[in-house]
Each structure stands twice: as structure tokens, then as C-alpha cells.
Amino acid sequence: MIVDLIDKLTDRVIRLLTLRKQQRQDLLQRYVSPVFAEFEQVHSAYLESFARYR
């Protein structure tokens, strides 16, 4: 009886951790990566502009 409860609890904790990891990866792919790519483009344009004016 108690072993079954511990097994069930362990399984749910593992699922929760897996779900949180997946949510973090989705957040990274959906929001952070596109914003970082756009930032790199803007930064590249800034460096080109700075080099021209210098």
C-alpha cells in the first residue's frame, strides 16, 4: 500500500519536472529565440552604422 503511494508520488513528480522542462523549452523557442535573433540584426546594423560614421 505505502509502496504504491510512493511510486505514484514519484511518478507524478517526474511528470511535473518533465512538464516544467518542456514549458521552459517552449518559452525559449517561442519568445526568447526570435527576440534574440532580432536583437542580433539590430546590433549588426548598429555596428555597421557606427563604422560608417567613424
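So, here's what we can say about the structure. (Residues numbered from 1 in each chain as written. Predicted model: local features only at pLDDT ≥ 70, side-chain atom pairs only at ≥ 80, totals over all residues. Heavy atoms only, no water.)

**Digging into the overall build of the protein chain**
Under the convention used in this document: Numbering goes from the N terminus for both helices and strands, where a helix is a DSSP run of H or I of at least four residues and a strand is a run of E of at least two. Taken over C-alpha atoms, the radius of gyration is set against a globule rule of 2.2 Å times the number of residues to the power 0.38. For each residue, the accessible area found with a 1.4 Å probe, counting protein chains only, is set against the maximum for its type, and the residue is called buried under 20%, exposed over 50%, and partly exposed in between. Each accessible area value is a Shrake-Rupley result obtained with a 1.4 Å probe; residue values ignore everything except the protein chains displayed when judging cover. Positive charges are assigned to Lys and Arg, negative charges to Asp and Glu, while His and the chain termini are left out of the count. Charge coordinates come from a single atom per side chain, which is NZ of Lys, CZ of Arg, CG of Asp or CD of Glu.
For the protein chain, the count of helices and strands is 1 helix and 0 strands. Computed over the C-alpha atoms, the radius of gyration of the protein chain is 23 Å, more than 25% above the 10 Å expected from 2.2 N^0.38 for a compact globule of 54 residues. When the backbone C-alpha atoms are referred to their principal axes, the protein chain occupies close to 75 × 15 × 5 Å. Within the span of the protein chain, comprising 54 residues, buried residues form 0% of the whole. Within the structure as shown, the protein chain displays about 5700 Å² of accessible surface, and the carbon and sulfur contribution to it stands at 61%. Distance between charge centroids for the protein chain: 4 Å, based on 9 positive and 7 negative side chains.

**As for helix H1 (residues 2-53)**
So the rule is basically this: Multiplying 1.5 Å by the helix residue count minus one yields the expected span of that helix. Note that bend, as reported per residue, equals the angle between axes fitted to the 7 residues terminating at that residue and the 7 residues originating from it.
Taking 1.5 Å of rise per residue, 52 residues should cover 76 Å, and H1 covers 73 Å from first to last C-alpha, within 8% of that figure. Taken as a whole, H1 carries its principal kink of about 40 degrees at leucine 28.

**A short note on the packing of aromatic side chains**
Describing an aromatic ring pair means giving the distance of the ring centres and the angle of the ring planes. For the record, the criterion: Think of it this way: a Phe, Tyr or Trp ring, Trp meaning its six-membered ring, pairs with another when their centres are within 6.5 Å, and the plane angle makes it stacked under 30 degrees, edge-to-face over 60, tilted otherwise.
This structure, assessed with the given rule, holds 1 aromatic pair. When the centroid spacing of 6.3 Å and the interplanar angle of 25 degrees are considered together, the rings of tyrosine 46 and phenylalanine 50 count as stacked. Placement of the pair is tyrosine 46 and phenylalanine 50 together in helix H1, with a separation of 4 residues, close to one helical turn.

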